[in-house]
Amino acid sequence: MNIRAQIILSNNEQILLKDNNRLFFVQTFIQGIEPTKEILDKDDNYLYHMGYLLRQWRLASKNYLSNNNIKQEYEEFTNQWWEKQAISTVDTFLLSNLLECKQNLINLNENFERGLIHNDFHTNNSIMRNDKKIFIIDFVDACQTVFIADLATSLFHLLIDQQNGKHRAKLFLNGYQQKVQLSIEEINILDIMVRFKLTMSIIEDLHNSDDPNDFFIQSCFHLLHTLKNDSTLVKNLI
């Protein structure tokens, strides 16, 4: 049976479509440029603002779900969820990291806020207009899970830069926490979540790449080794 889609207007009149418990964001074309390394090195406000935007996304997601009675899917990180992942890799280091992450993340309790996340939130998925306003793009991987997963993805992308990664991550976190502070539970699990998202990213990149020695992949491996050896690195950024 066909059910007519319902149009929902947010407070700033951006359009959201609801159809059979699915959400469709109506996006507008924006002319802009992706931030270069030079822009990120010279403009601390860019990453601070991106952190702020991710926090705004989190607050907006909570409001949409609660105000429009959207069914929330909380199946991630259960035994059944892990079985569905069908992860295959011959790299023993990646497998050991996944096992450790699974032991710490399985059956996350209700202390973790959940909702719709971007799921690939980093600088390459942002653009800046001529008036210096920043916009987030590419929502193809959006899904429902714990909000801390979005932050973890952002942080590992920033920390890959061995020279300026920690500085950039701190700027991002400062913007993210401008509205609301991370909970104690989120702070304590953030390191493991960063490692999990990074490990999954490496596995996917290795699967899709013909060159395992690709610079980005090797930089990810280097960061994963660093995080494995220093479990306080992420917490010390906050």
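It should be noted that the structure appears before, not after, this text.
What this report covers is the structure whose coordinates are included nearby. A quick note: this is a predicted structure, and the numbers were derived from the prediction, not measured.

## Topic: the overall build of the chain
So, point 1. Within the chain one finds 8 helices and 7 strands.
So, point 2. The buried share of the chain, taken over its 238 residues, is 43%.
So, point 3. Expressed as a percentage of contacts within the chain between residues at least 6 apart in sequence, the contacts between residues at least 24 apart total 74%.
So, point 4. About 13,700 Å² of surface is accessible on the chain, with carbon and sulfur atoms providing 48% of the total.

## Overview of the packing of helix α5 (residues 148-159) against helix α6 (residues 165-176)
So, point 1. Between α5 and α6, the shortest axis-to-axis distance is 8 Å and the interhelical angle comes to 150 degrees. The orientation of α5 relative to α6 falls into the category roughly antiparallel. You can see that α5 and α6 cross each other, and the crossing is right-handed. Within the contact between the two elements, α5 uses L151, S154, L155, L158 and L159 and α6 uses G165, K166, R168, A169, F172, L173 and Y176.

## Details of the nonpolar core
So, point 1. Counting 57 residues, the largest nonpolar core has F77, L105, L151, M193 and F196 as the members making the most contacts within it.
So, point 2. Of all the elements, helix α7 (residues 184-208) adds the most residues to this core, at 10 residues.
So, point 3. Once you skip the residues sitting within four places of it in the chain, M193 turns out to touch F77, L105, L108, V146, I148, A149 and A152.

## Side note on unusual backbone geometry
So, point 1. The residue K132 is not glycine, and still its phi comes out positive at about 75 degrees.
So, point 2. Note that K132 resides in the loop between β5 (126-128) and β6 (134-136).
So, point 3. We note that D138 has phi near 65 degrees; this positive angle belongs to a residue other than glycine.
So, point 4. Accessibility expressed as a relative area gives 34% for D138, which makes it partly exposed.

## A closer look at the packing of aromatic side chains
So, point 1. Applying the stated criterion across every chain, the model contains 3 aromatic pairs.
So, point 2. Relative to F196, the ring of W82 has its centre 5.5 Å away and its plane inclined at 70 degrees; by these criteria the two rings are edge-to-face. Of this pair, W82 sits in helix α3 (residues 79-85) while F196 sits in helix α7; the two residues are 114 residues apart in sequence, bridging distant segments of the chain. The two residues W82 and F196 agree in class, both being buried.
So, point 3. Sitting over the face of the ring of Y176, R55 holds its NZ or CZ atom 5.1 Å from the ring centroid.

Calculation rules
One numbering rule holds for all chains: residues counted from 1, following each sequence as written. pLDDT decides what is reported in this predicted model: residues at 70 or higher carry local features, side-chain atom pairs at 80 or more are listed and counted, and totals for whole chains, interfaces and linings draw on all residues regardless. Calculated side-chain values reflect all of the structure's heavy atoms, with hydrogen atoms and water omitted. Numbering of helices and strands runs from the N terminus; a helix is a DSSP stretch of H or I covering at least four residues, while a strand is a stretch of E covering at least two. Only protein chains enter the accessibility calculation, which uses a 1.4 Å probe. A residue is then buried if its area is under 20% of the maximum for its type, exposed if over 50%, and partly exposed in between. Residues are treated as being in contact if the distance between any of their heavy atoms lies within 4.5 Å. Each accessible area is a Shrake-Rupley result for a 1.4 Å probe, and residues are judged covered by the shown protein chains and nothing else. Axis definition: a line fitted to C-alpha atoms, limited for helices to the stretch in contact. Angles are taken between N-to-C directions and run from 0 to 180 degrees. These descriptions rest on fixed angle ranges, namely under 35 degrees for roughly parallel, over 145 for roughly antiparallel, 65 to 115 for roughly perpendicular, and the rest for oblique. Left-handed describes a crossing in which the near helix is turned anticlockwise from the far one by less than a right angle; the clockwise case is right-handed. The definition of a nonpolar core used throughout is a set of buried Ala, Val, Leu, Ile, Met, Phe, Trp, Tyr and Cys residues joined through side-chain atoms within 4.5 Å. Any Phe, Tyr or Trp ring, taking Trp's six-membered ring, that has another such ring centre within 6.5 Å forms a pair; planes under 30 degrees apart are called stacked, those over 60 apart edge-to-face, and the others tilted. Note on criteria: charge over ring means Lys NZ or Arg CZ within 6 Å of the ring centre, with the direction from the centre no more than 35 degrees off the ring normal.

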